[in-house]
Amino acid sequence: MPRFLDQLRTSLKDGSFRPVPVRQRKIPKPGGSGKLRKLGIPTIADRVVQAALKLVLEPIFEADFLPVSYGFRPRRRAYDAIAEIQMFGSRGYQWVLDADIEACFDRIDHSALMGRVRLRVKDKRVLALVKAFLKAGVLTETGRYEDSDTGTPQGGILSPLLANIALSVLDEHVMAPWQPDGVMGTTYRRNHRRSKGLPTWRIVRYADDFVVLVHGEEGDVVALREDIATVLAPLGLRFSESKTRIVHMREGFDFLGFRIQWKRKRGTRKWFVHTFITDRPFRSVKAKIRALTHRVSQADMGAVVGRINQILRGWTNYFRYAVCKHTLNRLRRFVNWRIIRWLRKRHRWRWKVFRRKFTTPTGRWLPIAADGIEVFNPAAVTVTRYRYRGNKIPNPFLRLRTA
């Protein structure tokens, strides 16, 4: 390893380093649409250099990124984006442009992206390295070489940062009125605009998925959509016509696996913005459990239970901030019955035999376990509301700069 790093360091210093084409792999997109997502897998040497480049570039651009973007940024989470939508939705921003950029990572224009990078980076060696990775090319699954004239392949360490750099143009354009000297820079100015029948808006972006929340009318959202389309065009990007839509929060929309909807709280006359779990991730986790508990499977039960627990813990930890107690109970019942059917088929147990083995003499059910590992109970997860952090999210690079 030291020798490998020494050779890599030498090639970078003398300028002989050249990235090799990424190996392309196509994986199914979630949702059962039948479409494929292209991944570009770089070599180990290219990953090391990309990681080093990210360490150099990220502090520079993080100082400029606006707080409305949350994807692939330090100390920012999907929950922060959801909490911001909830907060502004509760304050009247209830018309939504639910936007989807078509093949964002595959179509980003290299000239536009490099222009954004050159605004903040002047070192020609760094610029040459970034451009070399963009132009490295692709080795397809059939072994054929293809030029990479646009895009930054998903799968590379540097790709999310480059995508954020390109899409920061969108953030800056939409949020320009929110600057201190802008027409929406203060609460008073925003209220004054609304008193005259003018709209106010705000973007919330997570990587290439974003929504624009509008305090106004449906026509205002249509105008914003056309305006944003003109901003995306120089980047080589466009909206996906089938996935981009204009909705009211009363109808609800899906974002980052959550269903966000303005609903009346049961038993009261008060309305709130709620977050639920969408059907797609619930179907996905059930499919994973089914694959592990096939009735004719002869896999080791302890290993299966351990893997099921990993899946359930990860899934419930992500969704525990939604209104999901009922969904977690449904998942618990589904998992238990899948394992019960699997065990009965495997051991040819009748129901009375199974019940005798997994109940106490008083008739109380025992937890299903194997090799001392109990099946994780999703319904036992505490469901809480994620607190909106807003501008309190720390930026590690700004803190270092001011220290």
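Above this text sits the structure in question.
All figures in this text were calculated on a predicted structure; none of them were measured in a lab.

Chemist: Is there a simple way to explain the packing of helix α7 (residues 159–175) against helix α9 (residues 218–232) in this structure?
Modeler: Angle between the axes and distance between the axes are the two parameters that describe a pair of packed helices. The N-to-C vectors of α7 and α9 enclose an angle of 145°; their axes lie 10 Å apart at closest approach. As for how α7 packs across α9, the hand of that crossing is right-handed. Residues Leu167, Val169, Leu170, His173 and Val174 of α7 lie in contact with α9, whose contacting residues are Asp227, Ile228, Val231 and Leu232. Taken together, the residues of the contact of α7 with α9 sort by class into seven nonpolar, one polar and one charged.

Chemist: Can you walk me through the environment of Phe319 in this structure?
Modeler: Inspection of the secondary structure puts Phe319 in helix α11 (residues 301–319). Separated by 240 residues in sequence, Phe319 and Tyr79 place their C-alpha atoms 9.4 Å apart.

Chemist: It is not clear to me how the sheet that holds strand β9 (residues 253–255) should be interpreted in this structure. Could you clarify?
Modeler: Sheet strands associate in pairs through backbone hydrogen bonding, adopting either a parallel or an antiparallel arrangement. Spatial ordering of the open sheet is given by β9-β10-β11, a layout of three strands whose pairing is antiparallel. This sheet does not close on itself; its edge strands, each paired only once, are β9 and β11 (271–277). Across the sheet, the mean angle separating the axes of adjacent strands is 35° when strand polarity is ignored. Bridge analysis of β9 against strand β10 (residues 258–264) gives three bridges, and the strand direction is antiparallel. Residue pairing in the sheet places Phe255 in a bridge with Phe258 of β10.

Chemist: How do you make sense of the pattern of salt bridges when you look at a structure like this?
Modeler: Between side chains of opposite charge, a pair can form when the charged atoms approach closely. Going through the model one piece at a time under the given rule, you end up with 15 salt bridges. A salt bridge links Arg107 to Glu102, with the nearest nitrogen and oxygen atoms 3.8 Å apart. Assessed through its relative accessible area of 28%, Arg107 is described here as partly exposed. Here Asp123 makes a salt bridge to Arg125, at a shortest N to O gap of 3.5 Å.

Chemist: Sorry if this is basic, but what is going on with the sheet that holds strand β8 (residues 245–248) here?
Modeler: Strand order in the open sheet made by the four strands is β6-β7-β3-β8, with antiparallel pairing throughout. Sheet topology places β6 (200–206) and β8 at the edges, where each strand pairs with a single neighbour. Each strand axis lies, on average, 20° off the axis of its neighbour in the sheet, ignoring direction. Note that β6 and strand β7 (residues 209–215) share seven bridges and pair antiparallel. Residue Ile203 lies in a different strand from β7, and its bridge partner there is Val212.

Chemist: Would you take a moment to explain the pairing of β10 for this structure?
Modeler: When a strand is regular, its side chains alternate between the sheet's two faces. Counting the residues that bridge the hairpin from β9 to β10 gives two residues, and of these Leu256 lies at a positive phi of roughly 55°. Pairing of β10 with β11 involves seven bridges; the strand directions are antiparallel. Across the sheet, Arg264 pairs through a bridge with Trp271, a residue of β11. Here β10 folds back onto β11 in antiparallel fashion, the turn holding six residues, of which Gly267 has a positive phi close to 85°.

Chemist: Any chance you could explain the packing of helix α5 (residues 110–118) against helix α6 (residues 124–134) here in plain terms?
Modeler: Closest axis-to-axis distance for the α5/α6 pair is 11 Å, and the angle between their directions is 160°. Here α6 runs roughly antiparallel to α5, going by the angle between their axes. Crossing geometry of α5 relative to α6 is assigned as right-handed. On α6, the residues touching His110, Leu113, Met114, Val117 and Arg118 of α5 are Leu127, Val130, Lys131 and Leu134. Residue composition of the contact of α5 with α6, by class: six nonpolar, one polar and two charged.

Chemist: What should I look at first to understand the environment of Ala379 in this one?
Modeler: Take Ala379: it is sitting in the loop between β13 (373–374) and α14 (396–402). The exposure class assigned to Ala379 is buried, which follows from its relative accessible area of 13%. For the pair formed by Ala379 and His326, sequence separation is 53 residues and the distance between their alpha carbons is 8.3 Å.

Chemist: What is the right way to look at the side chain of Glu62 in this model?
Modeler: Positionally, Glu62 belongs in helix α2 (residues 44–62). Note on Glu62: relative accessible area 3%, which makes it buried. Those residues within four positions of Glu62 in sequence are excluded, and the remaining contacts are Arg73, Pro74, Asn395 and Phe397.

Chemist: What is the right way to read a positive patch on the surface from this model?
Modeler: A contiguous patch of positive charge on the surface is contributed by Lys35, Lys243, Arg280 and Arg283. You can see Lys243 is positioned in the loop between α9 and β8.

Chemist: It is not clear to me how a nonpolar patch on the surface should be interpreted in this structure. Could you clarify?
Modeler: On the surface, Met1, Leu5, Ile44 and Val48 cluster together into a nonpolar patch covering about 390 Å² of accessible area. Its location among the elements puts Val48 in helix α2.

Chemist: Any chance you could explain the packing of aromatic side chains here in plain terms?
Modeler: For any two aromatic rings, the description comes down to two numbers: the centre-to-centre distance and the angle of the planes. Tallied over the entire structure, the rule returns 22 aromatic pairs. Seen from their ring centres, Phe210 and Phe239 are 6.2 Å apart, and the 40° between their planes marks the pair as tilted. One end of the pair, Phe210, is in strand β7; the other, Phe239, is in the loop between α9 and β8, with 29 residues separating them in the sequence. Like Phe210, the residue Phe239 is buried in the burial classification. Judged by centre distance (4.6 Å) and plane angle (25°), the rings of Phe354 and Phe358 are stacked. Each member of the pair Phe354 and Phe358 is classed as buried. Positioned above the aromatic ring of Phe334 is the side chain of Lys286, whose terminal nitrogen or guanidinium carbon lies 5.4 Å from the ring centre.

Calculation notes
Each chain carries its own residue numbering, running from 1 in the direction its sequence is written. Local features in this predicted model are restricted to residues whose pLDDT is 70 or higher, and side-chain atom pairs enter the listing and the counts only when it is 80 or higher, whereas totals over whole chains, interfaces and linings include all residues. Excluding hydrogens and water, the side-chain values take into account all heavy atoms of the structure. Fitted lines through C-alpha atoms give the axes, limited to the stretch in contact for helices. The angle between two N-to-C directions lies from 0 to 180 degrees. Here a helix means four or more residues in a row that DSSP labels H or I, a strand means two or more in a row labelled E, and each is numbered from the N terminus. Left-handed describes a crossing whose near helix is turned anticlockwise from the far helix by less than a right angle; the clockwise case is right-handed. Whether two residues are in contact is decided by their heavy atoms, any of which lying within 4.5 Å being enough. Charged residues are taken to be Asp, Glu, Lys and Arg, nonpolar residues to be Ala, Val, Leu, Ile, Met, Phe, Trp, Tyr, Cys and Pro, and polar residues to be all remaining types, Gly included. Between any two strands, pairing holds if DSSP finds at least two bridges. Salt bridge, as used here, is a side-chain nitrogen of Lys or Arg placed within 4 Å of a carboxyl oxygen of Asp or Glu. The buried label goes to any residue with under 20% of its type's maximum accessible area, the exposed label to any with over 50%, and the partly exposed label to all in between, with areas taken from a 1.4 Å probe on protein chains only. For this classification, under 35 degrees means roughly parallel, over 145 means roughly antiparallel, 65 to 115 means roughly perpendicular, and everything else is oblique. Surface patches are defined over residues having more than 30% relative accessible area and no salt bridge, joining like charges when they lie within 9 Å and nonpolar side chains (Val, Leu, Ile, Met, Phe, Trp, Tyr) when within 5 Å. Values of accessible area rely on a 1.4 Å probe in the Shrake-Rupley scheme; residue burial ignores everything except the protein chains shown. This count recognises Lys and Arg as positive and Asp and Glu as negative, with His and chain-terminal groups excluded. Charged side chains are reduced to one point each, which is NZ for Lys, CZ for Arg, CG for Asp and CD for Glu. Between rings of Phe, Tyr and Trp, where Trp is taken as its six-membered ring, a pair exists when centres lie within 6.5 Å; planes separated by under 30 degrees are stacked, by over 60 edge-to-face, and by other angles tilted. A ring is considered to have a charge above it if a Lys NZ or an Arg CZ atom is located within 6 Å of its centre and within 35 degrees of its normal.

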